[in-house]
Amino acid sequence: MYWTEFLTVALIHLLAVASPGPDFAVVVRESVTHGRRAGTWTALGVGMAIFLHVGYSLLGIGLIVSQSIVLFNALKWAAAAYLLYIGFKALRARPAKAVTDDLHKEAGERTARGAFTSGFVTNGLNPKATLFFLSLFTVVINPHTPLTVQAGYGLYLALATAVWFCLVAMLFSQQRVRAGFARMGHWFDRTMGAVLIAIGVKLAFTEMH
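Residue numbers here run from 1 along each chain, matching the order of that chain's written sequence. Given that the model is predicted, a residue must reach a pLDDT of at least 70 before its local features are reported, and side-chain atom pairs must reach 80 or more before they are shown or counted; all residues, however, enter totals for whole chains, interfaces and linings. Hydrogens are left out, water is left out, and the side-chain values use all remaining heavy atoms of the structure.

Trainee: Describe the UniProt feature "transmembrane region" (unreviewed entry) in the protein chain, with residues and values.
Mentor: According to UniProt, the "transmembrane region" (unreviewed entry) feature falls on residues 41-63, 70-88 and 153-172. Each helix is a run of H or I in the DSSP string that is no shorter than four residues. Each strand is a run of E no shorter than two, and both are numbered from the N terminus. For the annotated span residues 153-172, helix accounts for 100% and strand for 0% of the residues, and the straight-line distance between the end C-alpha atoms is 29 Å. UniProt positions are given in the numbering used here, feature names are shortened, and annotations may be inferred rather than shown by experiment.

So this is what it looks like as structure tokens:
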């Protein structure tokens, strides 16, 4: 009965998650810099943050945030500040003396908790995600759809997001791929830092529609 609605939700989510954004940038950076384990934990953090968006969307809190300029701006500036922080941190990367040794060293420095938190905070504080899930649960999904069914959609969205970014982590954490990025040395980190800063600045100027 709800298959058509589910397929619509799945298609919209696929288009949204496949477009490069802060989630993609942070997963790629963690995967290349720290390896598959860190990249996977970052992806799982992004996926778990989806439950946060789904939860407040079902409770109607997302509607309150979307209608409050103060709350929206607070969320927006918190997200922008976090992206700017990790972006500027990446810009300070120094040249590595030995590519292989540096890769192993970096892979051992990142804790699962740190990587997970990085992914969770990046997605959880993104006001664009708030607006996306709000529109999804108010426009695309029929308000009369049972909450249990809507919760099922939310579970799918979280799992699909986690799986997608785990695949991204697997791709960018391959030794050959990492070695290719590592040959560019600190310039990769600086480039990713610049990307995160650009996304943070763009986010800071996001207007509520």
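Trainee: Which residues make up the nonpolar core, and what are the values?
Mentor: We define the nonpolar core as a collection of buried residues of types Ala, Val, Leu, Ile, Met, Phe, Trp, Tyr and Cys that are connected through side-chain atoms lying within 4.5 Å of one another. Three exposure classes are used, based on accessible area relative to the maximum for each residue type with a 1.4 Å probe and protein chains only: buried under 20%, partly exposed in between, and exposed over 50%. Ranked by size, the top nonpolar core spans 12 residues in total: V17, V26, V27, V28, V32, A43, V46, F165, C166, V168, A169 and F172. When residues of this core are traced back to their parent elements, those giving at least two are α2 (22-34), α3 (36-59) and α9 (147-172). The residues contacting V17, other than those within four sequence positions of it, are T161, W164 and F165. Counting residues in hydrophobic clusters, the runner-up holds 11 residues, among them F6, V9, I141 and L157. Whether two residues are in contact is decided by their heavy atoms, any of which lying within 4.5 Å being enough.

Trainee: Tell me about the pattern of salt bridges, and please be specific about residues and values.
Mentor: Between Lys or Arg on one side and Asp or Glu on the other, a salt bridge is scored when a side-chain nitrogen of the former is within 4 Å of a carboxyl oxygen of the latter. A full pass over the atoms with the stated rule returns one salt bridge. Put simply, R110 and E30 hold a salt bridge, and the shortest N to O gap is 2.7 Å. With R110 in the loop between α6 (99-109) and α7 (112-124) and E30 in helix α2, the pair connects residues that are 80 residues apart, well separated along the chain. E30 gets classed as buried once you look at its relative accessible area, which sits at 3%.

Trainee: Which residues make up the packing of aromatic side chains, and what are the values?
Mentor: The rule is short: rings of Phe, Tyr and Trp, with Trp giving its six-membered ring, pair when the centres are within 6.5 Å, and they are stacked under 30 degrees, edge-to-face over 60, tilted in between. A complete count under the given rule lists seven aromatic pairs for this structure. Ring geometry for F6 against Y156: centres 4.9 Å apart, planes inclined by 70°, an arrangement best described as edge-to-face. Within this pair, whereas F6 is found in helix α1 (residues 3-18), its partner Y156 is found in helix α9, the two being separated by 150 residues in sequence. Clustering of aromatic rings is evident, with ring pairs tying together W3, F6, Y153 and Y156.

Trainee: Go over the side chain of T145, please, and point to the residues and values.
Mentor: Topologically, T145 is positioned in the loop between α8 (127-140) and α9. Setting aside residues up to four positions removed in sequence, T145 forms contacts with Y2, E5, Q150 and Y153.

Trainee: I'd like a description of the packing of α3 against α9, backed by residues and values.
Mentor: The description of two helices packed together rests on the angle between their axes and the distance between the axes. The contact between α3 and α9 brings their axes to 8 Å, and the two run at 160°. By the angle between their axes, α3 is roughly antiparallel relative to α9. The interaxial crossing formed by α3 with α9 has right-handed handedness. The residue classification treats Ala, Val, Leu, Ile, Met, Phe, Trp, Tyr, Cys and Pro as nonpolar and Asp, Glu, Lys and Arg as charged. All others, Gly included, are polar. Of the residues belonging to the contact of α3 with α9, the class tally is 17 nonpolar, six polar and one charged. Axis lines are fitted through C-alpha atoms, for helices just across the contact stretch, and the angle between N-to-C directions can take any value from 0 to 180 degrees. Angles below 35 degrees are treated as roughly parallel, those above 145 as roughly antiparallel, those between 65 and 115 as roughly perpendicular, and all remaining angles as oblique. Crossings are sorted by hand: turned counterclockwise from the far helix by less than a right angle, the near helix makes the crossing left-handed, and turned clockwise it makes it right-handed.

Trainee: Could you give an account of the confidence of the model for the protein chain, with specific residues and numbers?
Mentor: Note on scores: pLDDT gives the predictor's confidence for each residue, bounded by 0 and 100. With 76% of its residues at a pLDDT of at least 70, the protein chain reaches an overall mean of 80. Taken as a whole, residues 96-107 scores under 50 in pLDDT and shows 13 contacts with residues more than four places along the chain or in a different chain.

Trainee: An account of α9 is needed here, citing residue identities and associated values.
Mentor: A rise of 1.5 Å per residue sets the reference length of α9, with its 26 residues, at 38 Å; its end C-alpha atoms lie 37 Å apart and thus fit the reference within 8%. Within the sequence span of α9, burial applies to Q150, Y153, G154, L157, A158, T161, A162, F165, C166, V168, A169 and F172. Expected helix span is computed as 1.5 Å times (number of residues minus one).

Trainee: Give a description of α3 that names residues and reports values.
Mentor: Side chains that are three or four residues apart share a direction in an α-helix, a result of its 3.6 residues per turn. Taking 1.5 Å as the rise per residue, α3 with 24 residues should run 34 Å; its terminal C-alpha atoms sit 35 Å apart, in good agreement. Following α3 by one or two positions, G60 adopts a phi angle in the positive range, close to 90°.

Trainee: Describe the environment of T191, listing the residues and the values that go with them.
Mentor: Residue position: T191 is located in helix α11 (residues 186-204). Along the backbone, T191 and L91 are 100 residues apart, and their C-alpha atoms lie at a distance of 7.5 Å.

Trainee: Please give an account of the packing of α3 against α7 that cites residues and values.
Mentor: Where α3 meets α7, the closest approach of the two axes is 7 Å, and the angle between their N-to-C directions is 40°. With respect to α7, the axis of α3 lies oblique. With respect to the hand of their crossing, α3 and α7 are arranged in right-handed fashion. On α7, the residues touching R37, A38, W41, T42, L44, G45, V46, M48, A49, I50, L52 and H53 of α3 are A112, A115, F116, G119, F120, N123 and G124. Among the residues making up the contact of α3 with α7, the classes are represented as 12 nonpolar, six polar and one charged.

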